[in-house]
Amino acid sequence: MEDRTFANEFRDRLLAQLDGHEAHPIGITESDVELSRIPRGIVSRLSGQAGLDFTGFVARIDTVISQAYDSMSSPGCTASFFWRKLYTDACVVKVLLLLADSELHEAVARASIETLDRAIILAGAPGDASLSLILGMIRWIQSHAQWPDHGLGSGYHEFTAGREGVPKPLTSLGNVPSISPPSLATFQTTWSRSPFVLKGFVSDWPAVKHWASIDYLYSMAGPSRIVPVEVGDDYRSDDWTQELFGWEDFLSALTAPDTSQRHRFYLAQHNLLRQFPTLREDITVPDYVYMFPGPPVSYPNYSPPSNEDQLVINVWFGPKGTVSPAHTDPFFNCYAQVVGRKTVWLAPPEIAPSMYPYQPSLADTDEIHHPAANAMEPLMSNTSRVDVFPVSKDAQEASKSNYPAFWNMVPAEALSVTLEPGDLLFFPPGWWHAMRSEDVSFSVSMWF
């Protein structure tokens, strides 16, 4: 009976949302409109459950989910919000069907939570009402299902930063300046034009204290959550891919003693704090983020993120040895190191000709296409072929042979720093940067 009450409560909330979305964008066909009406039609029939064909309903809603995913993922999609919203609504309807037709056993709970997490991860659960609805459903399922003890193992309850020294990268001769926190006015007029580090600036964040605890990270999410994880050495590799991992499985992988496997999993550039909002309470966005510096001379085409807050918060969480290759981003960045240490390499936009970026498109060459080649935006081929953290003497010599302009020009202009937990790094848009985790590392980037 309690499951029915749950389904009725969230069904009514979803109906209110569906009733408010009748307008359709240009490019949507009549068959698309008919497809979008299927979730509303199914939900409206759930009030009288006797004799309903739940198996048939689930099959129909799975068709909606599949078509919406294909459409929102297609290159050049002109109605992204429509399809992402339809995908999200269909996922919610599917969970209502599962819970209305089944007892809340563990398998049903896991399938339901995974479906709802997919709406957040893959479609972004557009709209505050959609996200609130989904998070409320997840919390209800987690609190009412019967769960076994989670299998994170004993003896691996906290990540710790190493104490061994970190050698300076051979590809940078300079150091990122470590300064006292500038006033907001001084930041806007002077320091917003070049990188700097504020040592210990975010050390009072609760995240710095709590996120090293595996048990804390698990408990803040609850059972059966999934997250998007990169699999592979870095995104330039031919075998690089992305998968959805169980959160507890990912945490367990970070504690695995086999280091040859640990380095292959990276939770990168994901708004985890939106998916797990209790973690958002553990950070405080620095005031510098709200100063809105103008376009730098070296990056005149800068514009802030297009969302309402003009702020994008992502997390970067992976094992020792994880590398993000040298690349550029179009935003200002306040980068907070929360757990472990991370070495950051930086070089100014002016050295771009010596960075050997991937070509806009490799279609006319004999080379295999890399994810780093930006075919969608040819003027923003923003990833370098050069490994700025060569793993051996032989790799360094090969790099010097293959990329002589880089070695002749860039190291003298490049800067580096090893961030400790609690440090805040700032750098402007267009700066080349690469990252290497010296320990299990958890970082938060704030693009503005």
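Residues numbered from 1 in each chain as written. Predicted model: local features only at pLDDT ≥ 70, side-chain atom pairs only at ≥ 80, totals over all residues. Heavy atoms only, no water.

Asker: Sorry if this is basic, but what is going on with the nonpolar core here?
Answerer: Soluble globular proteins: nonpolar side chains tend toward being buried together. By size, the foremost hydrophobic cluster in this structure holds 55 residues, and its most contacted members are W205, W211, L217, W247, L272, F317 and M446. Other than its neighbours up to four places away in sequence, W247 contacts L217, Y218, A221, R225, I226, V227, L267, L272, F276 and F317. Counting residues in each nonpolar core, the second largest holds 53 residues, with F54, L86, L98 and I134 among its members. (Core = buried A, V, L, I, M, F, W, Y, C linked by side-chain atoms within 4.5 Å. Buried < 20%, exposed > 50% of the residue type's maximum accessible area, 1.4 Å probe, protein only. Contact = heavy atoms within 4.5 Å.)

Asker: Help me understand the side chain of S112 in this model?
Answerer: Tracing the backbone through its elements, the reader meets S112 in helix α5 (residues 106-123). Excluding its chain neighbours within four sequence positions, the residues that come into contact with S112 are V95, L98, L99 and I141. (Helix = DSSP H or I, 4+ residues; strand = E, 2+ residues; numbered from the N terminus.)

Asker: Looking at this structure, how should I read the sheet that holds strand β6 (residues 312-318)?
Answerer: Within a sheet, adjacent strands bond to each other through the backbone by hydrogen bonds, running parallel or antiparallel. Strands sit in the order β2-β11-β8-β13-β6-β5-β3-β4 across an open sheet of eight strands; the sheet is antiparallel. Edge positions in the sheet fall to β2 (196-198) and β4 (241-246), since each of these pairs with one other strand and no more. Between one strand axis and the next, the sheet turns through 25° on average, direction left out of account. Examined bridge by bridge, strand β5 (residues 265-270) and β6 share two bridges and lie antiparallel to one another. Counted as the bridge partner of H270 is V315 from β6. Taken strand by strand, α5 contacts β3 (226-231), β4 and β5, and its axis lies near 60° from that of β3. (Pairing = 2+ DSSP bridges. Axes fitted to C-alpha atoms, helices over the stretch in contact; angles between N-to-C directions.)

Asker: Even after reading the chapter, I still don't get the pairing of strand β10 (residues 415-419), so can you show me in this structure?
Answerer: Regular strands have side chains that alternate between both faces of the sheet. Of all the five residues making up β10, four are buried; the element is thus mostly covered by neighbouring parts of the structure. Taken together, the two bridges between strand β1 (residues 174-175) and β10 define a ladder with parallel strand orientation. The residue of β10 that forms the bridge with N175 is S416. Bridge count between strand β9 (residues 342-347) and β10: five bridges; the pairing is antiparallel.

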